[in-house]
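Each chain, written out:
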Amino acid sequence: MKKILLIILSCILAFPAFAEPSASVKGTIVDANSQTPLDFVNVAIFKKGSEKPIIGVVSDKNGTFVIPTIASGNYTLRISFVGYNTVKQEFSMSGNAINLGQIKLEENSKKLKEVEVVGQGSTMKFEVDKKVFSVDQNIAAAGGSASEVLQNIPSVTVDNEGNVALRNSSAVEVWINGKPSGLTAENRGQILQQMPAESIESVEVMTNPSAKFKAEGSAGIINLVLKKNRKAGYYGSLSAGAMYNTDANKLGGTLGTNFSYSSQKLDANINIGYRGMNMPSGGWSDRRSLLNTDTVNLHQNSNNLRSMSGLFTRLSLDYHINDKNTLSLSGFGMMGRGSSTNNIDYLLTNVNNNNVVLKDYLRNTAGIGSRNHMHSNLDFQHDFDKKGSNIIVSLGYSSHLMSDSSRYKQTDNLNSGFLSSDLSQAGSGSSNEYEFKVDFTKKFSENSKLEAGWESNLEHQLSNASGYDFKTAQVIDSYYNKFDYTEQNHAAYVTYGNRFDKLSVQAGLRGEYYSKQFTYTTLLRPQEILHPTGYPKLFPSLYISYSLPKSNEIQLNVTSRVNRPRGMQINPYKNYSDSTNISYGNPDLAPENAYAYEFNYIKTWENHSLSSSAYYRYTNDVIQGISFMKNGIMNSTSANLAKQQNSGLELVAKDRLFQVLNLTSSLNIYYSKLDSASYIKDNVVLAKTPQQELFSWNARVMANFALSKTFFGQVTAEYNAPQLIAQGKEMANFAVDLGLRKTFWDKKINLNLMVRDLFDSRRRQAITYGQGYSQTSYSYWGGRMIGLTATYNFGNMKPKQTEKKLNSDSMNMDSNME
């Protein structure tokens with residue numbers, strides 16, 4: 001692997017010797033009246049006297065554009081934006097970088113009224129360390145949740161239980177507005193289900209984050225960017241929708257409102273959303289195992305209905321003290337409630353004796369629960385100059401509260417429906433997290449930037465569990481559990497980036513000191529301290545990119561990441577919701593460490609763009625779920641399973657066809673290898689996993705099309721080939737989503753129709769095996785949903801360009817280092 005990397009690096013460094021002199025062109029675009037930056041403005045460069053653009057980009061949220069490599073010669077710069085007069089400016093290149101400074105656009109009210117939209121905007125944008133996907137253009141997610149938004153993002157998958165994975169790895173961090181915001185592997189499934197899709201502006205996917213970011217998440221980071229309008233004036237919207245689940249034959253609904261106000265001194269945004277849903281789930285499994293000397297088969301058939309409702313609120317205030325200082329206060333909160341009913345039929349037969357029935361019983365579960373989450377942030381930013389040098393100081397606080405209670409009634413069908421057991425299990429938990437962060441950025445020049453910072457996190461979690469037997473009217477001592485967990489993480493980082501003609505290099509180093517301590521208490525034994533640990537660790541990162549002629553670019557990224565176990569993964573608390581499959585955490589889990597290498601090639605045409613990524617990830621002490629039979633009952637926990645290697649090729653393409661059709665297509669082809677391992681407890685080998693290898697792939701296509709200037713549609717299709725899991729494999733699955741959007745009254749009213757999972761095919765089938773057993777399982781969650789949402793927009797604020805950049809040249813990529 002080292003030889004391969006050296007060859008690639010040598011090739012990259014060799015390119016400048018054969019390249020013609022070139023340099024970058026940079027500028028900032030603002031509204032001539034309000035002086036506010038304009039994002040998503042089309043910037044195109046033409047050879048002087050030619051009408052065919054040689055390259056084009058769009059401005060970022062700060063109004064800045066950078067075109068990295070322009071050869072020597074005479075050119076014309078053309079800047080166009082719907083509702084503004086087009087600006088043309090001639091310039092010459094002689095091998096030196098040019099900064100065109102501030103470019104002012106004059107509004108043309110006549111053009112703004114007369115413009116006719118004939119296509120849809122770009123759904124994706126490439127940047128040096130991430131891909132950015134616009135949610136405004138995701139029609140099929142209208143009225144849905146953040147989970148449903150993520151299901152349509154290339155390389156991201158969301159399973160039947162709401163677990164999020166990136167490139168087939170669940171060791172991924174999910175952030176909100178660039179911060180962890182208290183989301184963990186345990187609570188983010190519920191939080192993402194409560195968050196309305198309409199509150200999200202874009203999704204950023206970072207498969208190889210730099211040293212500037214927390215090292216958590218060996219697979220990378222998914223960042224949800226919430227909407228925030230910064231145009232002068234006020235703007236708001238009201239929305240209402242209905243959702244029908246065909247599997248549950250139940251109706252749900254959504255309500256939402258948002259309001260934005262912006263002036264020279266103050267920016268304010270408020271968002272409120274309510275969701276009430278009915279989600280069915282269920283499935284079946286067949287498990288063969290040994291009982292004494294006979295082979296028995298346990299067949300389970302389950303169906304579940306979960307009713308849930310949640311309120312999402314968000315508020316942000318930015319006070320511009322002066323041109324150099326800004327004070328910001330932001331936060332969001334969620335309050336969720338839910339109830340569920342679950343029925344499981346169990347049938348145990350003797351395979352060696354003509355499948356004679358040994359047991360036949362029904363287990364009924366009724367449960368209720370609540371989850372409340374909040375995150376707040378106080379930020380202060382001081383700008384040292386107009387180049388982009390600044391310091392940002394942040395204080396953050398997150399809180400998560402949960403409670404649930406379930407009652408299990410089990411009846412024996414072989415004994416005239418006799419009530420054999422009647423138990424309850426209750427749990428509650430709280431989590432509080434405090435964050436302090438300082439980020440310093442120094443722009444030495446247009447091509448040179450230094451970043452450094454400090455980050456401290458303190459988190460405390462407390463959970464309690466208890467059980468009660470209604471038949472004996474006694475507390476169940478073995479169900480009692482108190483888990484008290486504290487962790488600290490202190491980190492410092494530094495990154496430096498520079499551009500040398502066509503070559504860009506960014507190197508970084510992050511140092512973290514991580515410590516944790518937790519106690520576990522039961523009624524059967526006194527409190528004991530488990531695994532207090534503390535250790536430092538370094539995480540380097542390296543980014544190299546080289547711009548080739550004719551809008552080509554290659555990149556090499558090398559990073560180190562970690563995935564630390566916490567919460568229910570290490571809590572020995574036992575979940576008895578399924579009496580034949582008891583699950584619990586493993587306090588002996590160690591962190592898994594990953595080393596990732598990625599080589600990217602990016603090519604841009606006038607109406608097409610292609611990103612290809614060859615990646616390799618090597619992981620030590622992989623954390624995987626593992627199962628084994630003990631006293632005739634399946635036990636499920638987590639364990640560190642040796643080493644895993646993943647390599648693959650990911651292709652992401654954007655195509656604009658016939659001015660009315662935009663395609664975003666992705667293909668991920670990968671190879672996975674998991675070494676053999678044994679799970680040993682108290683010197684007893686409980687489970688063994690053989691070495692497993694698998695070649696697999698998945699694909700996704702999103703087609704946005706315009707039926708008229710006010711009528712748009714979207715079709716999204718995905719396919720996942722069989723993939724490797726611990727002790728087996730998961731079978732192939734596919735899904736198709738549809739969406740239609742019609743606008744009325746000069747876009748003041750939008751009507752959205754969506755169909756999620758058109759063929760009701762988001763199902764999971766898996767084959768697993770272990771010592772003394774083999775199992776086939778099939779499950780589903782959610783089912784087909786049909787939704788209708790109406791939105792009314794009001795205000796005097798100019799709509800964001802993301803809503804009207806529909807006839808733009810934004811297919812081109814922004815691949816600068818800023």
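The rules behind the values
- Residues numbered from 1 in each chain as written.
- Predicted model: local features only at pLDDT ≥ 70, side-chain atom pairs only at ≥ 80, totals over all residues.
- Heavy atoms only, no water.
- Core = buried A, V, L, I, M, F, W, Y, C linked by side-chain atoms within 4.5 Å.
- Buried < 20%, exposed > 50% of the residue type's maximum accessible area, 1.4 Å probe, protein only.
- Helix = DSSP H or I, 4+ residues; strand = E, 2+ residues; numbered from the N terminus.
- Contact = heavy atoms within 4.5 Å.
- Phe/Tyr/Trp six-rings, centres within 6.5 Å; stacked < 30°, edge-to-face > 60°.
- Salt bridge = Lys/Arg side-chain N within 4 Å of Asp/Glu carboxyl O.
- Pairing = 2+ DSSP bridges.
- pLDDT = per-residue confidence, 0-100.

A separate point is the nonpolar core. For soluble globular proteins, nonpolar side chains are generally found buried alongside one another. Of all hydrophobic cores here, the largest spans 28 residues; its most connected members are Leu150, Val164, Met195 and Val203. Contributing elements (two or more residues each) for this core: α3 (146–150), β10 (156–158), β11 (164–166), β12 (172–176), α4 (188–194), β13 (200–206), β14 (220–226) and β19 (325–350). With sequence-adjacent residues up to four places away left out, Leu150 is seen in contact with Val156, Val158, Val164, Leu192, Val203, Ile222 and Leu224. If you look at the next biggest cluster of nonpolar residues, it comprises 24 residues, including Ile79, Phe81, Tyr84 and Met93.

Take the environment of Tyr719 next. Within the secondary structure layout, Tyr719 lies in strand β39 (residues 711–720). Residue Tyr719 is classed as partly exposed on the basis of its relative accessible area of 31%. Separated by 52 residues in sequence, Tyr719 and Leu667 have C-alpha atoms that sit 9.7 Å apart.

Turning to the packing of aromatic side chains, a few remarks are in order. Per the counting criterion, the structure on display carries 19 aromatic pairs. Where Phe734 meets Phe759, the ring centres are 6.4 Å apart and the plane angle is 45 degrees; that geometry is what we call tilted. Of this pair, Phe734 sits in strand β42 (residues 733–744) while Phe759 sits in the loop between β43 (749–756) and β44 (763–770); the two residues are 25 residues apart in sequence, bridging distant segments of the chain. For Phe734, a relative accessible area of 38% corresponds to the partly exposed category.

Next up on the list: the side chain of Lys437. For Lys437, the location among the structural elements is in strand β22 (residues 418–443). Ignoring anything within four residues of it in the chain, the contact list for Lys437 reads Ile392, Val393, Ser394, Trp454 and Glu455.

Counted by the stated rule, this structure contains 18 salt bridges. Salt-bridge contacts for Lys212 lead to Glu451; the nearest nitrogen and oxygen are separated by 3.2 Å. Pair noted here: Lys212 is in the loop between β13 and β14 and Glu451 is in strand β23 (residues 448–469), with a separation of 239 residues, a long-range link. Taking the relative accessible area as the measure of exposure, Lys212 reaches 22% and is therefore partly exposed. With a shortest N-O distance of 3.0 Å, Arg700 and Glu718 are connected by a salt bridge. On the criterion of sequence distance, the pair formed by Arg700 in strand β38 (residues 692–708) and Glu718 in strand β39 is long-range, its members being 18 residues apart. Considered together, Arg700 and Glu718 belong to a single accessibility category, that of buried residues. Residues participating in the shared-partner salt-bridge network are Glu216, Glu455, Glu487, Arg510, Glu512, Arg564 and Arg566.

By the bridge criterion, 25 bridges tie strand β18 (residues 294–320) to β19 in an arrangement that is antiparallel. Counterpart to Ser307 in the pairing with β19 is Ser339. Sheet analysis places β19 next to strand β20 (residues 356–383), joined by 26 bridges and oriented antiparallel. Across the sheet, Asp345 pairs through a bridge with Leu362, a residue of β20. Linking two consecutive strands that pair antiparallel, namely β19 and β20, is a turn of 5 residues; a positive phi of about 55 degrees is found at Asn354 within it.

Next up on the list: the confidence of the model for the protein chain. Mean pLDDT for the protein chain: 82, with 88% of residues reaching 70 or above. For the stretch residues 1–20, pLDDT sits under 50, and the model shows 22 contacts to residues farther than four places along the chain or on other chains. Counting interchain partners and residues more than four positions distant, the pLDDT-below-50 stretch residues 110–122 has 39 contacts.

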